[in-house]
Amino acid sequence: MKVKIAESWLRQLHEEFDQEYFQKITEKVKQDISSGIEVYPNGKDIFRAFELCSFEDTKVVLLGQDPYHGPGQAHGLCFSVPEGIRTPPSLVNIYKELHTDIGCIIPNHGNLSKWAAQGVLMLNTSLTVQAQQAGSHSKIGWERFTDSVIKKVSAGKENVVFILWGGHARSKAGLIDATKHLVLQSAHPSPLSAHNGFWGNKHFSTCNNYLVAHGKTPVDWQV
């Protein structure tokens, strides 16, 4: 698998790419594709989160689970879809909370690349998925890789905001040193769970207040 990521991430993660488990991930993805199984996102976008947001620039980690598994949706950034693709229900709810929390105008698209360009690492815990098969690549080794990413950010940086929505993301809290980072947790923005604590969590304003308090530029969440 050709890995296109920021040079700073290569320095942090080069040992992972050399390990046997990562080679097995590569083999599984290639095997699926050669068998005629559609895999999302496209190869050029699998590591897009790391391409758009360098290790040095990372000041927020937004954690998702699987890439979207519908045609044209996944493009390497959690919760985000390319312009021209219908905004998914979870992202619709994220936009509603943004509007309520800090007054952002709800956009007519779902492309969150602007966040990544400002230092928001938009990380899914699995970086690939089979078409129409949620969770289909969740057991092939990706979580070992992305757990390492979370631990590298926690150990190597200070005053990063980790945003964990839903049980899966919240299960990663133990990988983060909460004594030097801010860990924000709530229910997932999915319509099935948003009423359990996502609404009114004020994570966007809380995040920016923390960044400013620690001498960092706040995120412009308007897309």
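Each remark here, short or long, concerns the structure printed above.
Note that the coordinates shown come from a computational prediction; the quantities given were computed from them, not determined experimentally.

What counts and what doesn't
- Residues numbered from 1 in each chain as written.
- Predicted model: local features only at pLDDT ≥ 70, side-chain atom pairs only at ≥ 80, totals over all residues.
- Heavy atoms only, no water.
- Buried < 20%, exposed > 50% of the residue type's maximum accessible area, 1.4 Å probe, protein only.
- Helix = DSSP H or I, 4+ residues; strand = E, 2+ residues; numbered from the N terminus.
- Pairing = 2+ DSSP bridges.
- Disulfide = S-S within 2.5 Å.
- Phe/Tyr/Trp six-rings, centres within 6.5 Å; stacked < 30°, edge-to-face > 60°.
- Axes fitted to C-alpha atoms, helices over the stretch in contact; angles between N-to-C directions.
- Left-handed = near helix turned anticlockwise from the far one by under 90°.
- Contact = heavy atoms within 4.5 Å.
- Expected span 1.5 Å × (residues − 1).
- 1 Å grid on protein atoms, 1.4 Å probe; cavity = no way out; pocket = protein on both sides within 12 Å on 5 of 7 lines; lining within 4 Å.
- Points joined across faces, edges and corners; volume = space filled by probe spheres on them.
- Nonpolar A, V, L, I, M, F, W, Y, C, P; charged D, E, K, R; others polar.

**Student:** How should I be thinking about the pairing of strand β2 (residues 60–64) in this particular structure?
**Tutor:** Looking along a regular strand, one sees the side chains alternate between the two faces of the sheet. Of all five residues that make up β2, five are buried, and the element is covered over most of its length. Here β2 shows two buried faces, one formed by Val 60, Leu 62 and Gly 64 and the other by Val 61 and Leu 63. Of the strand pairs in this sheet, β2 and strand β3 (residues 120–124) are connected by five bridges, and their pairing is parallel. Bridged to Val 61 within β3 is Leu 121.

**Student:** Is there a simple way to explain the state of the cysteines in this structure?
**Tutor:** As used in these notes, a disulfide is a covalent bond between sulfur atoms, one from each of two cysteines. Under the criterion given, the structure shown has zero disulfides. Free of any disulfide, Cys 78 has its nearest neighbouring cysteine sulfur in Cys 53, separated by 11 Å. Its sulfur unpaired, Cys 207 is 12 Å from the next cysteine sulfur, which belongs to Cys 104.

**Student:** In this structure, what is going on with the packing of aromatic side chains? I would like to understand it.
**Tutor:** Each pair of aromatic rings is reported with the distance of its centres and the angle of its planes. As enumerated under the stated definition, the model contains 21 aromatic pairs in all. Taking the centre distance of 6.3 Å and the plane angle of 80 degrees together, the rings of Phe 17 and Phe 47 count as edge-to-face. Taken as a pair, Phe 17 in helix α1 (residues 7–17) and Phe 47 in the loop between β1 (39–40) and α3 (48–52) lie far apart in primary sequence, 30 residues in all. The buried category is assigned to Phe 47, whose relative accessible area is 3%. Arranged with centres 6.0 Å apart and planes meeting at 70 degrees, the rings of Trp 165 and Phe 204 form a pair that is edge-to-face. On the criterion of sequence distance, the pair formed by Trp 165 in strand β5 (residues 161–165) and Phe 204 in helix α8 (residues 203–213) is long-range, its members being 39 residues apart. Classification of Phe 204 by relative accessible area gives buried; the value is 0%. Three or more aromatic residues link up through ring pairs in this structure, and these residues are Trp 9, Phe 17, Tyr 21, Phe 22, Phe 47, Phe 50, Phe 55, Trp 142 and Phe 145.

**Student:** Where do I start with the sheet that holds β2 in this structure?
**Tutor:** With parallel pairing, the four strands of this open sheet are ordered in space as β3-β2-β5-β6. With one partner strand each, in any of the chains shown, β3 and β6 (182–186) form the two edges of the open sheet. When the angles between neighbouring strand axes are averaged without regard to direction, this sheet yields 15 degrees. Examined bridge by bridge, β2 and β5 share four bridges and lie parallel to one another.

**Student:** Got a minute to help me understand the pairing of β5 in this structure?
**Tutor:** Of all five residues that make up β5, five are buried, and the element is covered over most of its length. By the alternation rule, side chains of β5 split into Val 161, Ile 163 and Trp 165 and Phe 162 and Leu 164, which are all buried. Judged from the five bridges that link them, β5 and β6 form a sheet pairing that is parallel. Across the sheet, the residue bridging to Trp 165 is Ser 186, located in β6.

**Student:** Help me understand the packing of α1 against helix α6 (residues 142–156), please; the structure alone is not making it clear to me.
**Tutor:** Two quantities define a packed helix pair, namely the angle between the helix axes and the distance between the axes. Viewed as axis vectors pointing N to C, α1 and α6 meet at an angle of 140 degrees, and their least axial separation amounts to 11 Å. Our pair here, α1 against α6, has a crossing hand that is right-handed. On the side of α1, the interface is formed by Trp 9, Gln 12, Leu 13, Glu 16 and Phe 17, while α6 contributes Phe 145, Ser 148, Val 149, Lys 152 and Val 153.

**Student:** What's the story with α6 in this structure? I'm lost.
**Tutor:** Because each turn of an α-helix spans 3.6 residues, side chains separated by three or four positions in sequence point in the same direction. When the terminal C-alpha atoms of α6 are compared, their 21 Å separation across 15 residues agrees well with the 21 Å that a helix rising 1.5 Å per residue should span. For α6, every residue scored as buried is listed here: Trp 142, Glu 143, Phe 145, Thr 146, Asp 147, Ser 148, Val 149, Ile 150, Val 153 and Ser 154.

**Student:** I keep staring at empty space enclosed by the protein and nothing clicks. Help me out?
**Tutor:** For the structure on display, the rule yields two cavities of 30 Å³ or more. Put simply, the largest cavity is a space of about 60 Å³. The wall of the largest cavity is formed by Pro 41, Ile 46, Ala 49, Pro 67, Gly 76, Met 122, Leu 123, Asn 124 and Leu 127. Per element, the largest residue contribution to the lining of the largest cavity is three residues, and it comes from β3. Taken together, the residues of the lining of the largest cavity sort by class into seven nonpolar, two polar and no charged. Counted as a void, the second largest cavity has a volume near 40 Å³. For the second largest cavity, the full set of lining residues is Tyr 95, Leu 98, Cys 104, Ile 105, Ile 106, Pro 107, Trp 221, Gln 222 and Val 223. Within the lining of the second largest cavity, the residues separate by chemical class into eight nonpolar, one polar and no charged.

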